[in-house]
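Letter by letter, the chains look like this.
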Amino acid sequence: MGMLSPGVIWLLLFFLVPVLILVKASLSSTPRRFIPPTFSWDWSNYTAAFSQYQPQFVRSFGYAGTATILAILIGYPLAYWIATQGGRFKNLLIGLVVVPFFISYLIRTIAWTSILSDNGPFVGLYRLLPWVGSDGRLLATPWAVIGGLTYNFISFMILPIYVSLEKIDFRLTEAAADLGSTAWHAFRKVVLPLSMPGVFAGSLLVFIPAAGDYINTYYLGSAKTTMIGTVVQDQFLKQQDYPQAAALSMVLMVIITTMVLIYSKFLGTEGLAV
Amino acid sequence: MANRVSRRQFMTRSGLALGGAIIAPQVLAACGGGGGDEAATKGVYFENWPEYIDTASDGSVYGPGTTLALFTKETGIPIKYVQTLNDNNEFFAKIQPLLSAGKTIGPNVVAPTYWMAARLLDLKWLDKLPLSKIPNAKNLVSGLQKPPSDPTGDYSLPWQAGTTGIAYNVKATGGKELRSIQDLWDPALKGKVTVVTEMRDTIGLIAMSLGIDISTANTLAQYQPAYDELKKQVDSGQIKQFTGNEYVGPLEDGSTAACIAWSGDVLGMKNPDVRYVVPESGGTLWFDTMTIPKGAPNVDDVAKWMDFVYDPVNAARITAAVRFMSPVQGVQEVLRSKGGEDAVLAENPLLFPDDATKARLHTFANLSDAEEQKMDEAFSKISGA
Amino acid sequence: MSRSTDQDPGSTLEDPGAVAGGPVVRLERVTKHFGDFVAVEEADFDIAEGEFFSMLGPSGCGKTTTLRMIAGFEQPTAGRILLQGRDVSRTPPHKRDVNTVFQNYALFPHMDVFDNVAFGLRNRKVKDAEVRTRVHEMLEVVRLPEFAQRRPNQLSGGQQQRIALARALVNMPKALLLDEPLGALDLKLRQVMQLELKRIQRDVGITFIFVTHDQEEALTMSDRIAVMTQGRVDQIGTPTEIYGHPATTFVAGFIGTANLLPVKVVSQTGDQVTVDSRLGNQFRVPAGGRTHAVGSDATIMIRPERLVPAGAPLHGGEAAGTIDCTVTSLVFQGPVVRCQVQTSTGADLVAHLGPEDDPASLAVGSPITMTWAYDGAYLVPEAIDADQAGVTSMDDDETAAVAVG
């Protein structure tokens, strides 16, 4: 008990208390706008969360899921390359992965608005693609939002994958080759399964913040790409409807937790801890 | 001055950045301390927006020759000036727990935008200005006297003002000059139009284009045609995005052809292709106020301060520095008489619109809590939130 | 310098490594460079079918690189590697019919023992039923049949070792390559596993190519040993040959403990060489089947168990020389007394004295004359400097006893 108490206090202070405040707020109501809400077992905030904001929920999870997959597809090869080919430049290369993230999140996202601008260099190239018309655009589309989310959170994918790859004894791939595996087969049967804890951790670190994000859709999206974070932000700051915002946050939290549990069940991280 | 961040720019950016951090306003306010005691004995304590007053060459607001320094020199009253007001809603969230509990906040002058001042007034969180001790209040321009946000004119004096109209990049419109809101809905501009996230500005301009008098209409039902029009243009893809000040970059590079814009931002742009117009059907006039929060001390000192900045000479100094429309009569003449760069400013139509333009400027009607809430929510629905 | 058994007189002795059939592995002047560094220089030898062949040497001698070239993890810079007569120098590891037991075992941590052992069979698309039979057979061979469902991290070091062995052997490779497989085990377990490896090799009849830096291990287990240093193979031969007839002073010193003294060849008559001891007298030494040029510098090697005080019984004939010394230390070690003496030129020599040598009569500081039987010394055709003279290892090692046995 004595040993546990700092951890318990930490959990109480920074997890349980905020969640309870959130729960309480979500079940409150206010007779009039701008008057602090009072606790009243008001479940209407939850019914509203489900009835009114479905599209935003769907988009949040759709965009965050796509961004997570893209982050794996881009981040894994990069982490693999650094871990296996980086040599004495490993730390430098990993540093370079992190460096852009010393710049404010907001500034980085705003920078993408000019990169993806209709008059920008990317759109010019994009319009050359055969299925894209001359009025094709990137900014203010779902893909720009997904791209922004991927970019903004990809280092959270690369770092854990890199760490898990770093821990792998690459003599194991020699062992696999020795036992008749081609390089690809050795990767699939040995390296990939052993790096799954990193992929798992990275997916959570990308998916969870991406699902709650509203900055990317604000700058890179349009009124048709708004996410649940947009609604929460609007309810909190503009409408000053704290109960509604709290209820939306609770729903978001519960859905994410459920998805994470299902995901960890599928990926079965137990036994992978080497 | 070219690179300075306008007061609105600052507002939108930091509002978004800080927005995420505000979860429990009560907690935040609790951290702000009991308040009140700092200015309790004597003097003025003014909480204002960033970069909203003249500074000395070293950037200090208290430096020699600044309005603040001159005020203290002339009256012997100390003044504390903070630039922490970044966002109306954030400011509201900060003061709400204190004022609703009958406590005082630290500053004895604050600068909410007119509609926020109206909300504070409606909540009875403002004290009356001692107008009898502010003789210069007579210099208030006629257009801002007794505005809907303060029908008796007893609770607020405007600090600085600006207009909302249409900005366009004449290269991106194919040489076409825009004159009305209807011009924004030209199919040739599809997907190259943005509107602002401020409900009163976007809805106000569209409503005027549909013949609605925004200085009197005060229910969602009356504004419904404007909402329908906005929704139609968003759904069709005519409107690309809802923006804060970020419309500036795309407007300059032409990827946004036309947008609803704030005069202050356009004043800061260098591109000669970017033009600003108050639509024929009317533009909105907004202003930030000086108000006294309920229970604030040293009201007489505050009165001296307000009187001081309503002297055209002092007001002109502030206008030359911040480049917003001054609510004080006579500033244009003072600037003209100074010559040089100031005289050029005196002729800028964005700072000193002609009478015809002035006639087209309107301030949004006062909204009841319930109607404001309905209109905010309806607006958010269309903008996707 | 001789690099081949063929030139070595020892190969005419009874040689368990000399089995029938062509070589399983043949290295033809195999050289490996890493940049400027020469890791292996012109390795050139055959390994016969069913042979337990060791590559022995200190770290950095090139033994592991040679093994990795046979496995296919490295490609030779020059020369060829043949596996059952087929040139595999450029064949990737997964296409070579050899398997490796790695120094750290390299068991797949995310698979259970069964899947580890079945890995190679499944790669070759062996049917499930057969995989099951063969894996279980092999787990029987390594005596861990009940461990199929365990994960590697639930096994002890010795058990992991056996599984690594099973994982390689289950494929019935042409040759099994073992890279210091016992290095991570403690002494007791290492000795048990040495015997186990021998037994398993007998049971499966596969060629074992074994890399070690532990000369005791090599002497205990091998049919033949290649002693390597600085990328070169100094000598290849049976443990007996290597111990008794080292081709170089390095081999002499690396295998067991050796007393080395610089000498000059005075004359050779048949198989008997007379050398000048540089201590004022002459020794008679067997020529070891070589012709030693008169006047050339050479080195005489006497093992500690053959060096005795004058007057003690000599095993194998009359004394072939004497060295006047002073006793510098006497250490009782159970079966033997380790007696250290110093020559007049300051070289330290070590003798292991049995009870018949009457060590009790000796005292530190007293003069002593050491001698040895004629066949107890060996003439290495290589000069050493005076400061290298003396015993090669001041350590008290138990290996000599093993070697004699």
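None of the values given here were measured: they were computed from a predicted structure.

**Digging into the overall build of chain B**
Alright, step 1. From N to C terminus, chain B includes 16 helices and 12 strands.
Alright, step 2. Counting over 385 residues, chain B shows a buried share of 62%.
Alright, step 3. Summed over all atoms, the accessible surface of chain B reaches about 14,200 Å², with 54% contributed by carbon and sulfur.

**Topic: the arrangement of the chains**
Alright, step 1. No other pair among the 2 pairs of chains in contact exceeds the contact count of chains A and B.
Alright, step 2. One thing to see here is that chain B and chain C don't touch, and their nearest C-alpha atoms sit 42 Å from each other.

**Some words on the interface of chain A and chain B**
Alright, step 1. With 36 residues of chain A in contact, the opposing surface of chain B contributes 46 residues.
Alright, step 2. When chain A packs against chain B, the two sides together hide about 3,400 Å² of surface, and 52% of this comes from carbon and sulfur.
Alright, step 3. Three residues stand out in chain A for area buried against chain B, namely R33(A), F34(A) and Y218(A), and they jointly supply 20% of the buried area on that side.
Alright, step 4. Taken together, chain A and chain B are joined by 2 salt bridges.
Alright, step 5. Put simply, D376(B) and R33(A) hold a salt bridge, and the shortest N to O gap is 2.9 Å.
Alright, step 6. Those elements that provide at least two residues to the side of chain A that touches chain B are α5 (105-115), α10 (215-220) and α11 (228-238) of chain A.

**A look at the pairing of strand β1 (residues 44-47) of chain B**
All names here are of chain B.
Alright, step 1. Every second residue of β1 is oriented toward a common face, with V44 and F46 on one face and Y45 and E47 on the other, all of them buried.
Alright, step 2. Once the chain exits β1 it traverses helix α3 (residues 67-75) before rejoining the sheet at strand β2 (residues 79-82), and the crossover so formed is right-handed.
Alright, step 3. Direction of pairing for β1 relative to strand β3 (residues 109-110): parallel, over a ladder of 2 bridges. Directly across from F46, in β3, lies its bridge partner V109.

**Observations concerning the pairing of strand β10 (residues 283-290) of chain B**
Residues and elements named next belong to chain B.
Alright, step 1. Most of β10 is tucked away: 8 of the 8 residues are buried.
Alright, step 2. Taken together, the 7 bridges between strand β5 (residues 157-169) and β10 define a ladder with antiparallel strand orientation. Within β10, the position partnered with P158 by the bridge is T289.
Alright, step 3. Across 2 bridges, the pairing between β10 and strand β12 (residues 361-362) is parallel. Across the sheet, residue G283 finds its bridge partner in β12, namely L361.

**Description of the sheet that holds strand β15 (residues 308-309) of chain C**
Residues and elements named next belong to chain C.
Alright, step 1. Read from one edge to the other, the open sheet built from 5 strands follows the order β15-β19-β16-β17-β18, with strand pairing classed as antiparallel. A strand with exactly one partner marks an edge of an open sheet, and here the two such strands are β15 and β18 (348-353).
Alright, step 2. Sheet topology places strand β16 (residues 319-332) next to strand β19 (residues 367-373); 6 bridges connect them, and they run antiparallel. From the neighbouring strand, T326 faces β19, where its bridge partner is P367.

**Observations concerning the environment of T173(B)**
Residue and element names in this part refer to chain B.
Alright, step 1. Mapping T173 onto the fold places it in the loop between β5 and α6 (181-184).
Alright, step 2. For the pair formed by T173 and P297, sequence separation is 124 residues and the distance between their alpha carbons is 54 Å.
Alright, step 3. Apart from residues no more than four positions distant in its own chain, T173 is found in contact with Y168, L178, L189 and A257.

**Overview of the packing of α5(A) against helix α7 (residues 142-167) of chain A**
Residue and element names in this part refer to chain A.
Alright, step 1. At a closest axis distance of 10 Å, the pairing of α5 and α7 adopts a crossing angle of 140°. Viewed along their axes, α5 and α7 adopt a mutual orientation that is oblique. The element α5 and its partner α7 pack so that their crossing is right-handed. Seen from α5, the contacting residues are Y105, R108, T109 and W112; seen from α7, they are Y151, N152 and F153.

**Overview of the sheet that holds strand β6 (residues 98-101) of chain C**
In a beta sheet, neighbouring strands are held together by backbone hydrogen bonds and run either parallel or antiparallel to one another.
All names here are of chain C.
Alright, step 1. Pairing in this open sheet of 6 strands is mixed, and the strands run β6-β7-β8-β3-β9-β10 from one edge to the other. Single-partner strands in this sheet number two, and they are β6 and β10 (232-237). Adjacent strand axes in the sheet meet at a mean angle of 20° when their direction is disregarded.
Alright, step 2. In the sheet, strand β3 (residues 52-56) pairs with strand β9 (residues 224-229) via 4 bridges, with the strands oriented parallel.

**Overview of the interface of chain A and chain C**
Alright, step 1. On the chain C side, the residues contacting the 21 residues of chain A number 23 residues.
Alright, step 2. Each partner contributes to the roughly 1,800 Å² buried at the junction of chain A and chain C, and carbon and sulfur atoms together form 60% of this total.
Alright, step 3. Ranking the residues of chain A by area buried against chain C places E174(A), D178(A) and L179(A) at the top, with a combined share of 38%.
Alright, step 4. Summed over the shared surface of chain A and chain C, the result is 1 salt bridge.

**With respect to the pattern of salt bridges**
Alright, step 1. Per the stated rule, a full pass over the model turns up 42 salt bridges over all chains.
Alright, step 2. In this structure, the salt-bridge partner of E372(B) is R200(B), at a minimum N-O distance of 2.9 Å. Of this pair, E372(B) sits in helix α16 (residues 369-383) while R200(B) sits in helix α7 (residues 199-209), and the two are 172 residues apart along the sequence. Each member of the pair, E372(B) as well as R200(B), carries the same accessibility label: buried.
Alright, step 3. Two residues, R224(C) and E51(C), come together in a salt bridge whose shortest N-O distance is 2.3 Å. Of this pair, R224(C) sits in strand β9 while E51(C) is found in the loop between β2 (37-48) and β3, placing the two residues 173 residues apart along the sequence.
Alright, step 4. Residue R224(C) is classed as buried on the basis of its relative accessible area of 10%.
Alright, step 5. Several salt bridges share partner residues, and in doing so they unite R33(A), R119(B), R200(B), E372(B) and D376(B) into one network.

Cut-offs applied
- Residues numbered from 1 in each chain as written.
- Chains lettered and ligands numbered in written order.
- Predicted model: local features only at pLDDT ≥ 70, side-chain atom pairs only at ≥ 80, totals over all residues.
- Heavy atoms only, no water.
- Helix = DSSP H or I, 4+ residues; strand = E, 2+ residues; numbered from the N terminus.
- Buried < 20%, exposed > 50% of the residue type's maximum accessible area, 1.4 Å probe, protein only.
- Areas by Shrake-Rupley, 256 points an atom, 1.4 Å probe, with all protein chains shown as cover.
- Contact = heavy atoms within 4.5 Å.
- Buried area = accessible area lost by both parts, 1.4 Å probe.
- Salt bridge = Lys/Arg side-chain N within 4 Å of Asp/Glu carboxyl O.
- Right-handed = clockwise from strand over helix to strand, strands pointing away.
- Pairing = 2+ DSSP bridges.
- Axes fitted to C-alpha atoms, helices over the stretch in contact; angles between N-to-C directions.
- Parallel < 35°, antiparallel > 145°, perpendicular 65-115°, else oblique.
- Left-handed = near helix turned anticlockwise from the far one by under 90°.

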